[in-house]
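Observations on the model geometry
Read off the chains here:
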Amino acid sequence: MPMSLTIRCSLWRAMLLWTLLTVGGSYAETNCTTRRCLADMLVNKKLITQPQRDNCTQFIYVSSIEYQTIKVDTKNLRLNCRLQAIVEWTDDDLYWDQSIYAYDEVILPVNKVWTPEIHIANGISASTQNGFRDLLAFSNGTLRHRLVMTASINCEFNLFNYPFAEDECPVAIQAWSTQGCGTHMEIGTVTVFDGSHGDWETLGAYLHSPSYDRYFISVVLKIRQQNPFITLLLPSILLILADMLPGDSECSPVIKNHFCVCLVMLVISMLVSMVLTRVARDGGIIFCCCRRGPEPGSNQDKAGQEVKADISVIQLNDSEDNQMLKKVVDFLEAMKAKELETGKNEIYADKIDKAFFWFYFILGALYFCAMITVMVKYNCQVNHLDFW
């Protein structure tokens, strides 16, 4: 009996100690008011669904957007861009009492709470990613997060005035839904970050809202004239680099017509050179396929044949010396006449060549001035908002 009484007393003491430890631990846990305990408390709520209110609409405020042009592909008419947006929204269920947790803000994992979705509406390929693994939560239930959006946009660039092209390209931004239990978005400011890339320069990015639920950023792009203009002055380089020309759009580049004109002028110039070569030889623009030679029986022909026949024969007779001398004189006179005729043909061809030179010069100057005027002054209209 004394032994069993001792065992019972030990068991009661152990139970009492375990109860005290459990109650004390629970009390210590419920009284944890550190920032990490606050974050754990909010995470344990598992609020990963959209906040539900009586009007079933979630308000999202995009305080700022940083726009950056990554690449302008004029061959395929694509604009590759990157946007960083700071998004704020309120979830009343993430409110906490500052009299218990004396902090105004706390950091929460982004995958443990609901975050809004923002898309680029006119993007052929687009993606939205979290800028960081964490977000910032405030005591009144407001959350602040950074989103990074990248997209490739089909943009009908107005390339008619290439290489003096300047145009606007819209980047449409919208929330995942604007009807029923959706979201209502409002955007604050838009700034341009690093606006110079390749041959194109981003002059500005301006926010427009055609309706309460639609926003788009009008990106103003301008091509730098240095490289294209240099190649414009060298048609041969342009003809070689034909694969680098911009693609077709509603306003195709007028410079493509310039390439056709350069090709035509190149062919005409080559044909004129061939004709002038033949004129310098035959003395006429209209000629047959066969070259015109001396007429049979003419003195020139006879003298040539006789000299060729007798050039290897040495006549020692005095009676034939005069005849041989006469043949040599006739031959020399024929050669002189031929040289005079050739000189006249060359002078005639030179006059035609000078005439064509001034024709090319005047036509080229007028054409160049006309092309520059059309490229700089003429404005072709493109509807960039046809996707809505």
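Everything discussed here concerns the structure shown above.
Along each chain, residue indices are assigned from 1 in the same order as the chain's sequence is written. Totals for whole chains, interfaces and linings use every residue, but because this is a predicted model, local features are given only for residues with pLDDT of at least 70 and side-chain atom pairs only at 80 or more, for both listing and counting. Side-chain numbers come from the whole structure's heavy atoms, not from hydrogens or water.

1. A look at the overall build of the protein
- Scanning the protein from terminus to terminus reveals seven helices and twelve strands.
- Relative accessibility under 20% of the residue-type maximum defines a buried residue, over 50% an exposed one, and the middle range a partly exposed one, all with a 1.4 Å probe and only protein chains included. When each of the 388 residues of the protein is scored for burial, the buried share is 31%.
- Throughout, a contact is declared for two residues whenever any of their heavy atoms are within 4.5 Å. Contacts in the protein between residues at least 24 apart in sequence constitute 73% of all its contacts with a sequence separation of at least 6.
- As displayed, the protein has an accessible area near 24,700 Å², and 59% of this comes from carbon and sulfur atoms. What counts as a helix is a DSSP run of H or I of at least four residues, what counts as a strand is a run of E of at least two, and both are numbered from the N terminus. Every accessible area reported is derived by Shrake-Rupley at a probe size of 1.4 Å, with residue values counting cover from the shown protein chains alone.

2. A word on the state of the cysteines
- Criterion for a disulfide: a pair of cysteine sulfur atoms within 2.5 Å. Under the counting rule described, the total for this entry stands at two disulfides.
- Two residues, Cys155 and Cys169, share a disulfide whose sulfurs are 2.3 Å apart. Residue Cys155 is found in the loop between strand E7 (142-154) and strand E8 (166-175), and its partner Cys169 is found in strand E8; the two are separated by 14 residues along the sequence. In this structure, Cys155 and Cys169 share a single accessibility class: buried.
- Of all cysteine sulfurs, the one in Cys169 lies closest to Cys81, which takes part in no disulfide; the gap is 7.8 Å.
- Accessibility expressed as a relative area gives 2% for Cys81, which makes it buried.

3. Topic: the environment of Thr69
- Structurally, Thr69 can be placed in strand E1 (residues 58-73).
- Spatially, the C-alpha atoms of Thr69 and Val219 are 9.0 Å apart, while their sequence positions differ by 150 residues.
- We call two N or O atoms a polar contact when they sit within 3.5 Å, provided that within protein one can donate a hydrogen and the other can accept it, with sequence-adjacent residues counted only if both atoms are side-chain atoms. Within the local environment of Thr69, its side chain forms a polar contact with the side chain of Tyr67, the two groups lying 2.9 Å apart.
- Looking at Thr69, its side chain comes within polar contact range of the side chain of Thr202, at 2.8 Å.

4. Here we look at the environment of Leu207
- On the secondary structure map, Leu207 appears in strand E11 (residues 200-211).
- In sequence terms Leu207 and Pro170 are 37 residues apart; their C-alpha atoms lie 9.5 Å from each other.
- Ignoring sequence-local partners within four residues, the contact set of Leu207 consists of Ile187, Gly188, Val190, Tyr215, Phe216 and Ile217.

5. Some details on the packing of aromatic side chains
- Pairs were defined over the aromatic rings of Phe, Tyr and Trp, the Trp ring being its six-membered one, requiring ring centres within 6.5 Å. Orientation was assigned from the angle between planes: stacked under 30 degrees, edge-to-face over 60, tilted for the rest. Taken as a whole and assessed by the stated rule, the structure comprises seven aromatic pairs.
- Residues Trp358 and Phe361 carry aromatic rings whose centres are separated by 5.8 Å and whose planes lie at 85° to one another, so their mutual orientation is edge-to-face. With Trp358 and Phe361 both in helix H7 (residues 318-377) and three residues apart, the pair spans about one turn of that helix.
- Ring geometry for Phe359 against Tyr360: centres 6.0 Å apart, planes inclined by 50°, an arrangement best described as tilted.
- Among the aromatic residues, those joined into a cluster by ring pairs are Phe356, Phe359 and Tyr360.

6. Quick look at unusual backbone geometry
- The phi dihedral of Lys46 is positive, around 55°, even though this residue is not glycine.
- Looking at the element boundaries, Lys46 is found in the loop between helix H2 (35-43) and E1.
- The class for Lys46 is exposed, based on a relative accessible area of 66%.

7. Comments concerning the side chain of Ser139
- When you line up the elements, Ser139 lands in the loop between strand E6 (134-138) and E7.
- The contacts of Ser139, once residues within four sequence positions are left out, are Tyr95, Trp96, Gln98, Tyr103 and Asp104.

8. What about the pattern of salt bridges?
- Take a side-chain nitrogen of Lys or Arg and a carboxyl oxygen of Asp or Glu: if they are within 4 Å of each other, that pair is a salt bridge. Under the definition given, this model contains two salt bridges.
- Among the salt bridges present, the one from Glu88 reaches Arg144, with a minimum N-O distance of 2.9 Å. Highlighted residues: Glu88 in strand E2 (residues 78-90) and Arg144 in strand E7, separated in sequence by 56 residues.
- With its nearest N and O atoms 3.5 Å apart, the salt bridge here joins Asp350 to Lys354. One end of the pair, Asp350, and the other, Lys354, are both in helix H7, four residues apart, so they sit about a helical turn from each other.

9. Points about H2
- Among the residues of H2, Leu38, Ala39, Leu42 and Val43 are the ones counted as buried. Angular distribution of buried residues about the axis of H2 spans 135°; they occupy a single face of the element.
- Close packing links the buried residues of H2 with strand E3 (105-109). Directions drawn from the helix axis to the C-beta atoms are what define this arc.

10. Quick word on the pairing of strand E12 (residues 214-223)
- Of all ten residues in E12, eight are buried, a share of seventy percent or more.
- At least two DSSP bridges between two strands are required for those strands to pair. Where E8 and E12 come together, eight bridges link them in antiparallel fashion. Bridge pairing in E12 places Glu168 opposite Val220.
- As paired strands, E11 and E12 are joined by nine bridges and run antiparallel to one another. Looking across to E12, one finds that Tyr206 is bridged to Ser218.
- Taken together, E11 and the strand that follows it, E12, pair antiparallel across an intervening segment of two residues.

11. Observations regarding the nonpolar core
- Each nonpolar core is a collection of buried residues, namely Ala, Val, Leu, Ile, Met, Phe, Trp, Tyr and Cys, held together in the definition by side-chain atoms within 4.5 Å. By size, the foremost hydrophobic cluster in this structure holds 52 residues, and its most contacted members are Ile65, Leu83, Leu108, Phe157, Val171 and Ile217.
- Ignoring any residue separated from it by four or fewer positions in sequence, one finds Leu108 in contact with Ala39, Leu42, Val43, Val113, Arg133, Asp134, Leu135 and Ala137.
- Leu276, Val279, Ala349 and Ile352 belong to the second largest nonpolar core, which has five residues in total.

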